[in-house]
Structures are given as structure tokens and as C-alpha cells.
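# Descriptive structure summary
Here is how the chains run, residue by residue.
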Amino acid sequence: MTTDQNTGTTLGELLTPVLTRCATAETCTDPSSVMTLLADSADSAGGFTSYRSSFAAGAAGAPAHFHTKAWELFFVISGSLQVLVGEEVSVLGAGDFLAVPPHTPHAFAAAPGEEADVLFVFTPGMGRFDYLRLLGRVMRGEADPAEIAASSEQYDNHYVDSPVWRAALERSA
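What you are looking at is a predicted structure, and each value in this text was computed from that prediction instead of being measured. (Residues numbered from 1 in each chain as written. Predicted model: local features only at pLDDT ≥ 70, side-chain atom pairs only at ≥ 80, totals over all residues. Heavy atoms only, no water.)

For the rest of this paragraph, the subject is the overall build of the protein. Counting its regular elements, the protein contains four helices and ten strands. In the protein, the succession of α and β elements from N to C terminus is β-β-β-β-β-β-β-β-β-α-α-α-β-α. By the compact-globule yardstick of 16 Å for 173 residues, the protein fits well, its C-alpha radius of gyration being 17 Å. Projected onto its principal axes, the C-alpha coordinates of the protein cover approximately 60 × 35 × 30 Å. Burial statistics for the protein: of 173 residues in total, 40% are counted as buried. Put simply, of all contacts in the protein between residues at least 6 apart along the chain, 68% involve residues at least 24 apart. In the structure as shown, the protein presents an accessible area of about 9,200 Å², 55% of it carried by carbon and sulfur atoms. (Helix = DSSP H or I, 4+ residues; strand = E, 2+ residues; numbered from the N terminus. Rg over C-alpha atoms; globule rule 2.2 N^0.38 Å. Buried < 20%, exposed > 50% of the residue type's maximum accessible area, 1.4 Å probe, protein only. Contact = heavy atoms within 4.5 Å. Areas by Shrake-Rupley, 256 points an atom, 1.4 Å probe, with all protein chains shown as cover.)

See below:
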């Protein structure tokens with residue numbers, strides 16, 4: 001096989017575009033959000049994973065956690081998203097973009113009294129759609145929360161305690 005000198009891609013193993021139509025995308029729901037699954041890592045040869053979440057006003061997102069392998073990218077389509085990055089809490093508005101590197105504690109929720117529509121991308125990608133499905137089942141009371149803790153290595157989602165995030169949520173309540 002021949003290798004393209006500009007991209008390093010082996011000819012004959014070229015990547016293919018990924019297209020997910022909104023009308024046919026799988027959705028996962030829990031009591032306060034709808035997640036539209038766009039592309040898992042298998043769709044992008046491990047390059048990325050992407051989904052869109054629409055949060056109800058003030059809805060909880062994710063508690064403080066970090067990833068060891070992936071960057072997590074946030075793009076706020078509409079509304080406001082409250083985020084923790086490290087020890088700092090801020091609010092992202094429509095059009096704002098945030099990229100959180102591996103090993104950085106972060107958390108998110110719809111800002112108090114606000115809805116949020118957010119595009120999430122993980123790069124490199126890893127199979128996370130089963131994790132999102134599990135979260136929905138736990139939130140609906142259909143699965144044991146211990147399954148989330150048991151899956152931390154599999155899905156590279158490691159929860160941490162954040163007094164800063166807890167305080168921000170308490171102020172929002």
C-alpha cells in the first residue's frame with residue numbers, strides 16, 4: 001500500500017464522511033434532558049464522539065468528573081450553560097465554545113432558570129453512547145447507580161468531589 005505524504009493516511013484505508021440526519025438520530029431521554037446521539041467513535045474511526053443535549057431550565061447536567069484520554073468540547077447552541085473547569089465556575093451563553101483537556105475536573109448544568117442546548121464532542125472518540133443510555137436508565141430509575149461507578153474505566157468518566165461545584169449548585173437552588 002502507498003502512504004499519502006501530506007496526511008500520513010494509507011491509501012485504500014481512507015476515512016469516510018460521517019452524516020447523521022436529525023430525523024433518524026437516536027435520542028436518549030431522562031427527566032430533564034434529551035440527548036441526540038450524532039456519531040460514536042466507531043463512526044469516525046476513533047476520531048471523535050458527538051451528541052447534542054437539550055436541557056430543561058436549571059436541569060442538572062454532569063457532576064464533577066474528568067477524562068484521562070479525551071478532550072471534551074462544548075458548543076452552546078442556545079440558552080445558558082453553567083460550567084465548572086478546575087476550580088472556576090462560569091456561565092456560557094449561546095455561541096460560546098469551551099474545550100476541556102484531559103485530566104481537568106469539570107461539570108455542567110443548565111444555568112439557573114435557563115434552558116440550554118449544547119453540542120458535545122469528545123476527541124479522540126471512544127464508545128460513549130452506551131454510557132449515555134445507561135445514564136438515562138439510571139435517571140429514570142431503571143438501572144442501579146452503582147453501574148455508573150463500575151463503568152468509569154470503560155467510558156473514561158472519573159467522578160471527583162468538588163466543593164466549588166456543590167456550592168455553586170446550592171446557590172442556584
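On we go from here.
A separate point is the environment of V34. Looking at the element boundaries, V34 is found in strand β2 (residues 33-39). For V34, a relative accessible area of 35% corresponds to the partly exposed category. Between the alpha carbons of V34 and A94 there is a distance of 18 Å; along the sequence they are 60 residues apart. Leave out the neighbours within four places in its chain, and V34 touches T27, C28, T29, R52, S53 and S54.

Let us now look at the nonpolar core. One finds F55, F74, L81, F108 and V118 to be the most contacted residues of the largest nonpolar core, which totals 29 residues. When contributions to this core are tallied by element, the ones reaching two or more residues are β2, β3 (49-55), β5 (71-85), β7 (97-100), β8 (106-110), β9 (116-123) and α1 (129-139). The biggest single contributor to this core is α1, with five residues. With sequence-adjacent residues up to four places away left out, V118 is seen in contact with Y51, R52, S53, F55, F74, F75, V76, I77 and L81. A64, L84, A107 and A168 belong to the second largest nonpolar core, which has six residues in total. (Core = buried A, V, L, I, M, F, W, Y, C linked by side-chain atoms within 4.5 Å.)

As for its position among the elements, H158 is in strand β10 (residues 158-159). Residue H158 is classed as buried on the basis of its relative accessible area of 11%. A distance of 3.1 Å separates the side chain of H158 from the side chain of D156, its partner in a polar contact. (Polar contact = N/O pair within 3.5 Å; in protein donor to acceptor, adjacent residues only side chain to side chain.)

Turning our attention to the packing of aromatic side chains. Summed over the entire model, instances satisfying the criterion amount to seven aromatic pairs. Between the aromatic rings of F74 and F120, the centroid separation amounts to 5.1 Å while the plane-to-plane angle is 65°, which identifies the pairing as edge-to-face. With F74 in strand β5 and F120 in strand β9, this residue pair connects regions lying 46 residues apart in the sequence. For the pair shown, F74 and F120 are each scored as buried. (Phe/Tyr/Trp six-rings, centres within 6.5 Å; stacked < 30°, edge-to-face > 60°.)

Our focus in this paragraph is the pairing of β8. Among the five residues of β8, five are classified as buried, and the element is accordingly described as predominantly covered. Here β8 shows no split at all, with H106, F108 and A110 on one side and A107 and A109 on the other all buried. By the bridge criterion, three bridges tie strand β4 (residues 60-66) to β8 in an arrangement that is antiparallel. Bridging from a neighbouring strand, H65 pairs with H106 of β8. (Pairing = 2+ DSSP bridges.)

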